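Summary of structural features
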Amino acid sequence: MNKLCFATNNAHKIEEVAFALDGAFELLSLAEIGCTDELPETTGTIPGNSRQKARYVFDHFQIDCFADDSGLEVDALNGEPGVDTAFYSGSRDHAKNIAFLLQKLAGITNRTARFRSVITLVQNGQEYQFEGVVEGRIATESHGTGGFGYDPIFIPEGYEQTFGELSMEVKNGMSHRGRAVRGLVDYLAG
Ligand code: IMP
C-alpha cells in the first residue's frame, strides 16, 4: 500500500484523515517516519507555513507527505491573529488567547471572522494545495466547552451557537480543516 506521511503528531488529526481516506493509503505520523525535528514555520503566512512543513519532510525523509496549517482571521483586526493564532497572547494557553482577543475587540461591533486551513501535499516532488474556510463571527464572551482553541468564541455563519456549543459532527461537517481535508481526499481518491 502507498505510504503517505501526515506531518503532525496530533493523533486526533491523523485519525480524522485516516477515516476519510478509508484505507486507501498507509498514513504515517512524524514519529512513525523517525522525524523528531521541530518543523520550520517561518514564512509569515498560513499557506506558506503549510508548504514549508510539507517540503521539509519530503526533502529530508524522501516520502510523500502533507502538512496542515490553520488560523483565525478577524476583519476588524486586519486579519489578525492569522499566522500567529496559536501564540496570539504570547502563550499557547487557549484561555489566555481568548481573553487577549476579546480584549482587543472590546467595544468593536464588526466581529466578522473566519477560520482558514491550508493543506499542502508534496507527492513525487509536486506540490498541491487545498484550502478550507468557515466564515463566522466572534462572540462577546466564551460559550460551551466542546472542541479546542478558539471554539468557545467562534459562531459559524447561519448559527447562534459557538463551535464550543455545537456537536463535533456539526463542527467537522463545516469546519475549515474538514473542508481542506475533503479537498485532499477527493484529490487522492482521484
Ligand atoms: P494548527 O495550525 O491547526 O495547529 O492551528 C493553529 C491554531 O489555530 C491552534 O493552536 C488553535 O489555537 C487555532 N485553531 C485551529 N483550528 C481550530 C479549530 O478548529 N477551533 C479552534 N481553534 C482552532
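Each remark here, short or long, concerns the structure printed above.
Owing to the predicted nature of the structure, the values given are computational and were not obtained by experimental measurement. (Residues numbered from 1 in each chain as written. Predicted model: local features only at pLDDT ≥ 70, side-chain atom pairs only at ≥ 80, totals over all residues. Heavy atoms only, no water.)

A few words on the pairing of strand β3 (residues 65-74). Burial runs high along β3: nine of the ten residues are buried. Summarising the sheet, strand β1 (residues 3-6) and β3 pair through two bridges and their orientation is parallel. Within β3, the position partnered with F6 by the bridge is F66. Looking at chain direction, β3 and strand β5 (residues 112-123) are connected through ten bridges and run antiparallel. Looking at β5, one finds that A67 is bridged to T120. Here β3 runs beside strand β4 (residues 80-81); their pairing, made up of two bridges, is antiparallel. (Buried < 20%, exposed > 50% of the residue type's maximum accessible area, 1.4 Å probe, protein only. Helix = DSSP H or I, 4+ residues; strand = E, 2+ residues; numbered from the N terminus. Pairing = 2+ DSSP bridges.)

Membership of the largest hydrophobic core comes to 18 residues, with the highest contact counts inside it found for L72, V74, L101, I138, Y150 and F154. At three residues, the largest contribution of residues to this core is made by helix α3 (residues 94-104). Sequence-distant contacts of L101, that is, excluding residues within four places in its chain, are made with L72, V74, L77, Y88, I138, Y150 and I153. Listed in part, the 16 residues of the second largest apolar core include L4, F25, L27 and A180. (Core = buried A, V, L, I, M, F, W, Y, C linked by side-chain atoms within 4.5 Å. Contact = heavy atoms within 4.5 Å.)

Further remarks concern the environment of L166. Summarising the element assignment, L166 is placed in the loop between β7 (154-156) and α4 (168-174). Here L166 falls in the buried class, since its relative accessible area comes to 11%. Beyond its immediate stretch of four places on either side in the chain, L166 contacts P156, Y159, Q161 and M174.

With that out of the way, let us pick up the packing of helix α1 (residues 11-21) against helix α5 (residues 176-189). Two elements in contact, α1 and α5, have axes whose closest approach is 10 Å; the angle formed by their N-to-C orientations is 40 degrees. Judged by the inter-axis angle, α1 sits oblique to α5. For the pair α1 and α5, the crossing hand works out as right-handed. For the pair formed by α1 and α5, the contact residues are K13, E16, V17, A20 and L21 on the first element and R177, V181, L184, V185 and L188 on the second. For the contact of α1 with α5, a count of residues per class yields seven nonpolar, no polar and three charged. (Axes fitted to C-alpha atoms, helices over the stretch in contact; angles between N-to-C directions. Parallel < 35°, antiparallel > 145°, perpendicular 65-115°, else oblique. Left-handed = near helix turned anticlockwise from the far one by under 90°. Nonpolar A, V, L, I, M, F, W, Y, C, P; charged D, E, K, R; others polar.)

For the coordinates displayed, the defined rule picks out seven aromatic pairs. Between Y88 and F100 the ring centres are 4.9 Å apart and the planes differ by 85 degrees, which places this aromatic pair in the edge-to-face class. With Y88 in the loop between β4 and α3 and F100 in helix α3, this residue pair connects regions lying twelve residues apart in the sequence. On the basis of relative accessible area, Y88 is assigned to the buried category, the value being 11%. (Phe/Tyr/Trp six-rings, centres within 6.5 Å; stacked < 30°, edge-to-face > 60°.)

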